[in-house]
Structure formats: C-alpha cells, structure tokens
Amino acid sequence: MTGRNVECVPLAAARALRRPAFVKPPNDKGFPARIYPDGSRLPGPDALDDTTPVLVSDVVAFTAEYRLFLLDGEVHTGSRYGVRGGRDLLPLDADPCGAQVREFAARVVAAGPRLPSAIVVDVGPLVDGGWAVIEANAAWASGHYAADPDAALEVLLRAARPRGNVPAADEPFLRPQ
C-alpha cells in the first residue's frame, strides 16, 4: 500500500546506491530524511556506523499529503498538511477529499499488517494515480497540523501510556527493556 518499494538496509548498502532515493533513519533523526541524488551524499562512516539501519524507498510524488491519527484502527482525527510539496494545512473534515482519505485509511487497516492501537499514518494520492501510505509515525513524535488538537491528544495519550497499562495486543510494538 506504499505505491513504491521500501527497504530497510544497512547504511553501507544505501551509500552504494547510484540512483536517486528517499532515505531516512527509521527510529530517530540521525540525519535528514530526504531525496538523495545517490548514496555518496549520505553521512559517511565517520558520522554513522555502516550497520546503522536506514529506510530506502523509490522516489514518488504526491499531489497532497495527509496526517491521520488512528485510534483502534479508525481515523480519530486528521489533517491535510501539504499540496504538491508545499505546506497547506486544512482539517480533514473540511477537505474535499476527506471521505477518500478515510476510505483509503480503512483499506490500509484492513489490509494489514496489524498496527498499534494508537499511531499516526501519513497518506496521500500519488501524482501517477492511486493512494499510498507515505509513512507511519509514533503519535508522541508527530505534529497535529490542523487536526483537532484534543482528538490528537487522545491518540498521543494512548500511545504514551505507562508500560503497565499497555494491553496485550500492543505488547509486540514495545521496545525491549
């Protein structure tokens, strides 16, 4: 449902790329997530170890981008945050494509894999047609843009609850202690 190939590879493999690719660290902000013309522009071994995992994806263009706060597999709130690469904020319920966004989100959830009970998923229509998942993010590390702040906070609080209050269904998503 990503509309492109996305792989997790060691940084050394990404440095060997000789084509444009979108590259980002999967767990932190160790270097800027962006399109790199080739792997030679990525941080060198003096900055990051060769074994550092990175996400490498084909380059695609979206006509718009939406941030969705999902709670128990349903869109709890959301917002458009970009149009054709530029910042353009609009609450999901005010967007003319809001129903399409919600329908695609329901298909994403139904298709699996299973998601945590509280998560943020960015989606958008591709320039070439169809909808795709842009990325999934931790709710506690995602801006709410023009989404309802109270509803976004509900998702964030669920995602950041104490470890002892995490239901069994969410345990596979916890980091080892």
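Residues numbered from 1 in each chain as written. Predicted model: local features only at pLDDT ≥ 70, side-chain atom pairs only at ≥ 80, totals over all residues. Heavy atoms only, no water.

Draft legend 1. Main features of the pattern of salt bridges. In this structure the tally under the stated criterion is nine salt bridges. Where K24 meets E135, a salt bridge forms, and the shortest distance between an N and an O atom there is 2.3 Å. Of this pair, K24 sits in strand β2 (residues 21-24) while E135 sits in strand β9 (residues 131-137), and the two are 111 residues apart along the sequence. Since its relative accessible area comes to 24%, E135 is described here as partly exposed. Across the salt bridge formed by D72 and R158, the nearest N and O atoms sit 2.8 Å from each other. (Salt bridge = Lys/Arg side-chain N within 4 Å of Asp/Glu carboxyl O. Helix = DSSP H or I, 4+ residues; strand = E, 2+ residues; numbered from the N terminus. Buried < 20%, exposed > 50% of the residue type's maximum accessible area, 1.4 Å probe, protein only.)

Draft legend 2. Inspection of the sheet that holds strand β1 (residues 6-10) at higher detail. Pairing within the open sheet is antiparallel, and its four strands lie in the order β1-β4-β2-β3. Unpaired on one side and paired on the other, β1 and β3 (34-36) mark the two borders of the sheet. Going across the sheet, the axis of each strand differs from the next one's by a mean of 40°, ignoring polarity. Bridge analysis of β2 against β3 gives three bridges, and the strand direction is antiparallel. Within the sheet, the bridge partner assigned to F22 lies in β3 and is I35. (Pairing = 2+ DSSP bridges. Axes fitted to C-alpha atoms, helices over the stretch in contact; angles between N-to-C directions.)

Draft legend 3. Seen up close, the side chain of S79. Following the sequence through the fold, S79 ends up in strand β6 (residues 74-83). Residue classification places S79 among the buried positions, given a relative accessible area of 0%. Of the polar contacts made by the side chain of S79, one reaches the backbone nitrogen of A146; its length is 3.0 Å. (Polar contact = N/O pair within 3.5 Å; in protein donor to acceptor, adjacent residues only side chain to side chain.)

Draft legend 4. View of unusual backbone geometry. Between G112 and the following residue, P113, the backbone shows a cis peptide bond with an omega angle of 0°. Looking at the element boundaries, P113 is found in the loop between α2 (98-111) and β8 (118-125). Positive phi, normally seen in glycine, also occurs at D72, with a value near 55°. The topology assignment puts D72 in the loop between β5 (64-71) and β6. Positive phi, close to 50°, is recorded for R84, a residue that is not glycine. Position of R84 among the secondary structure elements: in the loop between β6 and β7 (86-91). For R84, a relative accessible area of 61% puts it in the exposed group.

Draft legend 5. Summary view of the pairing of β8. Burial analysis of β8 places eight of its eight residues in the buried class, the great majority of the element. The two faces of β8 match: A118, V120, D122 and G124 on one face and I119, V121, V123 and P125 on the other face are all buried. Inspection of the sheet shows β5 paired to β8 by six bridges, in the antiparallel sense. Looking at the pairing, L70 lines up with I119 of β8.

Draft legend 6. Up close: the sheet that holds β5. Read across the open sheet, the five strands follow the order β7-β6-β5-β8-β9; overall the sheet is antiparallel. Two strands lie at the open edges of the sheet, namely β7 and β9, each paired on one side alone. The sheet shows a mean angle of 25° between the axes of neighbouring strands, taken without regard to direction. Its contacts with the sheet place α2 against β5, β6, β8 and β9, and it is angled at close to 70° to β9. (Contact = heavy atoms within 4.5 Å.)

Draft legend 7. View of helix α3 (residues 149-159). Those residues of α3 lying buried are A151, A152 and V155. In an axial view of α3, the angular spread of the buried residues amounts to 100°, which keeps them on one side of the axis. Seen from the buried face of α3, the exposed residues on the opposite side, beyond 90 degrees, are D150 and L157. In this structure, the buried residues of α3 make contact with β5, β6 and β8. Taking the backbone nitrogen of D150 as reference, a side-chain oxygen 2.9 Å away marks D148 as the first, capping residue of α3. (Arc of directions from axis to C-beta.)

These values are about where atoms sit, not about what they do.
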